[in-house]
Amino acid sequence: AKEAKEAPESSWDLLSRFHASYMSYIPDEVDRWQRKTMLASGPKRGLKSLTQSISSQVRTLMHDPALVAKRTHIAKNSGDHRVLCSFAERERAS
């Protein structure tokens, strides 16, 4: 019975260690591919998002998820957006 309890715990420990080692590899690899594509497409100036590495952009966004949600939310009463196709209009036309 004791071995049965230890087996899942040791499996989770192994999985956690594997995940930690893999997660340290991902940002480096993504940044490496970003640098390759930037070299192939030429230098970009002006936009901060084009000059920052992808991993630093993700770190910045993950630091304050509420701000990201606020930036991406469009209020229904704002005049800053336009609905291109409404399902209600589509149903009325049928």
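Please read all numbers here as calculations on a predicted model, not as lab measurements. (Residues numbered from 1 in each chain as written. Predicted model: local features only at pLDDT ≥ 70, side-chain atom pairs only at ≥ 80, totals over all residues. Heavy atoms only, no water.)

1. Quick look at the overall build of the chain
The secondary structure content of the chain amounts to five helices and zero strands. Helices (α) and strands (β) of the chain occur, in sequence order from the N terminus, as α-α-α-α-α. Buried positions account for 4% of the 94 residues belonging to the chain. (Helix = DSSP H or I, 4+ residues; strand = E, 2+ residues; numbered from the N terminus. Buried < 20%, exposed > 50% of the residue type's maximum accessible area, 1.4 Å probe, protein only.)

2. Looking at the environment of P27
For P27, the position within the fold is in helix α1 (residues 2-41). By relative accessible area, P27 is classed as partly exposed at 30%.

3. A few points about the packing of aromatic side chains
In the structure shown here, the tally under the stated rule is two aromatic pairs. Seen from their ring centres, F18 and Y22 are 6.2 Å apart, and the 20° between their planes marks the pair as stacked. Pair noted here: F18 and Y22 are both in helix α1, with a separation of four residues, about one helical turn. For F18, a relative accessible area of 55% corresponds to the exposed category. We classify Y22 as partly exposed; its relative accessible area is 43%. (Phe/Tyr/Trp six-rings, centres within 6.5 Å; stacked < 30°, edge-to-face > 60°.)

4. Quick word on the pattern of salt bridges
Any two side chains of opposite charge can pair, on the condition that their charged atoms come close. According to the stated counting rule, one finds two salt bridges in the structure shown. Put simply, R17 and D13 hold a salt bridge, and the shortest N to O gap is 3.4 Å. With R17 and D13 both in helix α1 and four residues apart, this pair spans about one turn of that helix. A salt bridge links R32 to E29; the nearest nitrogen and oxygen atoms lie 2.5 Å apart. Of this pair, R32 and E29 both sit in helix α1, separated by three residues, roughly a single helical turn. Note on R32: relative accessible area 32%, which makes it partly exposed. (Salt bridge = Lys/Arg side-chain N within 4 Å of Asp/Glu carboxyl O.)

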